[in-house]
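Chains, contacts and geometry: an overview
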Amino acid sequence: MNNIRIIIVDDHKMFLEGMRSVMSKEEEIEIIGVANNGVSGLKLVSQNTPDLIITDIAMPEMNGIEFIKEVKKRFPDVKILAVSMFHKLQSFSNIDGYLLKETGFDELIKAVKNIVLRDEKYFKDPPEDETIELEFNKNILTKREKEIVVLIAKELTTHQIADKLFLSKHTVEAHKKNIFFKLQVNSAAGLIKRAAYLGYM
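**Observations regarding the packing of aromatic side chains**
Under the defined criterion, the tally for this structure stands at zero aromatic pairs. One Lys or Arg, Lys-101, reaches over the ring of Phe-15 and ends 4.5 Å from the middle of that ring.

**Overview of the pattern of salt bridges**
The final tally for this structure, using the stated rule, is eleven salt bridges. In this structure, Glu-70 engages Lys-73 in a salt bridge whose closest nitrogen and oxygen atoms are separated by 3.6 Å. Of the two residues, Glu-70 and Lys-73 both sit in helix H3 (residues 64–74), three residues apart, roughly one turn of that helix. A cluster of three or more residues bridged by salt bridges with shared partners is formed by Asp-10, Asp-56 and Lys-101.

**Focus: the packing of helix H5 (residues 143–153) against helix H7 (residues 169–183)**
At a minimum axis distance of 10 Å, the contact between H5 and H7 shows a crossing angle of 90°. When the interaxial angle is binned, H5 and H7 end up roughly perpendicular. Along its contact with H5, which presents Arg-144, Glu-145, Ile-148, Val-149 and Ile-152, the element H7 presents His-175, Lys-176, Asn-178, Ile-179 and Lys-182.

**Side note on the sheet that holds strand E6 (residues 122–123)**
What the six strands build is an open sheet, ordered E2-E1-E3-E4-E5-E6; its pairing is parallel. Of all the strands in the sheet, the pair left with one neighbour each is strand E2 (29–35) and E6. Note: strand E1 (residues 4–9) against E2, six bridges, orientation parallel. Bridging from a neighbouring strand, Ile-8 pairs with Val-34 of E2. Contacts between helix H1 (residues 13–23) and the sheet are confined to E1, E2, strand E3 (52–55) and strand E4 (79–84), with E2 contributing the most and set at about 165° to the helix.

Rules used in this analysis
- Residues numbered from 1 in each chain as written.
- Predicted model: local features only at pLDDT ≥ 70, side-chain atom pairs only at ≥ 80, totals over all residues.
- Heavy atoms only, no water.
- Phe/Tyr/Trp six-rings, centres within 6.5 Å; stacked < 30°, edge-to-face > 60°.
- Lys NZ or Arg CZ within 6 Å of the ring centre and 35° of its normal.
- Salt bridge = Lys/Arg side-chain N within 4 Å of Asp/Glu carboxyl O.
- Helix = DSSP H or I, 4+ residues; strand = E, 2+ residues; numbered from the N terminus.
- Axes fitted to C-alpha atoms, helices over the stretch in contact; angles between N-to-C directions.
- Parallel < 35°, antiparallel > 145°, perpendicular 65-115°, else oblique.
- Contact = heavy atoms within 4.5 Å.
- Pairing = 2+ DSSP bridges.

Spelled out as C-alpha cells, the structure:
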C-alpha cells in the first residue's frame, strides 16, 4: 500500500512539531512538507501535491478558510482535514474532516485514515446541516464596520466611537447590530475573537 502523503499547515510551532513527530511514527503516513501559513502552504502543495492537507483555521497572511478555498480551486482532488481551537466552523464546505486541537493524536490518525483510505468524511461533531454554507471572508464587513470592530476591540464605548468617527450614537448602534449579525456573535468577546480569526486585527 502506498503511503498517505501529508502536508501540515499551522502557525503554532509546538503543535506543528508535535503533529509531525507523532505522524512520522506511522508506517502508512509520510509527511512531505510543513508550512506555518497559507501562502507557504500553497507553494508546498504546488511543488508536491499531497493526498491530504491538515490545516489550522486561524493563521496570519492567509487564514485557513481562504487557504482551503484556494487549494480546492487549484487541486480539487486533495483531501483537507481542518484542525482548530474553534468549536464551530463557519463553513464546512470544501473540507473532508474537522477536529478540535484538543483532540488526541489517536483520533487524529483515525481521521486521516478514514478520509484518505476509506474516502469518508470525518467530523467529531458533525454540523447540524452540512448543506448550509456561511461565507466568511475579509470582505464580509464594510470598511466602516471594520473600523468600528477595531475600536470595539480597543474597548471604546459607543459614545466614544461615535465621537471618533463623527457619527451619531444611533448610527454606531446600527452598525454594531449589523456586525454582530454578520459575524454571528452575541458578545464583544466573541466579536473580538471572530475578528482576529478573520484577520481584521
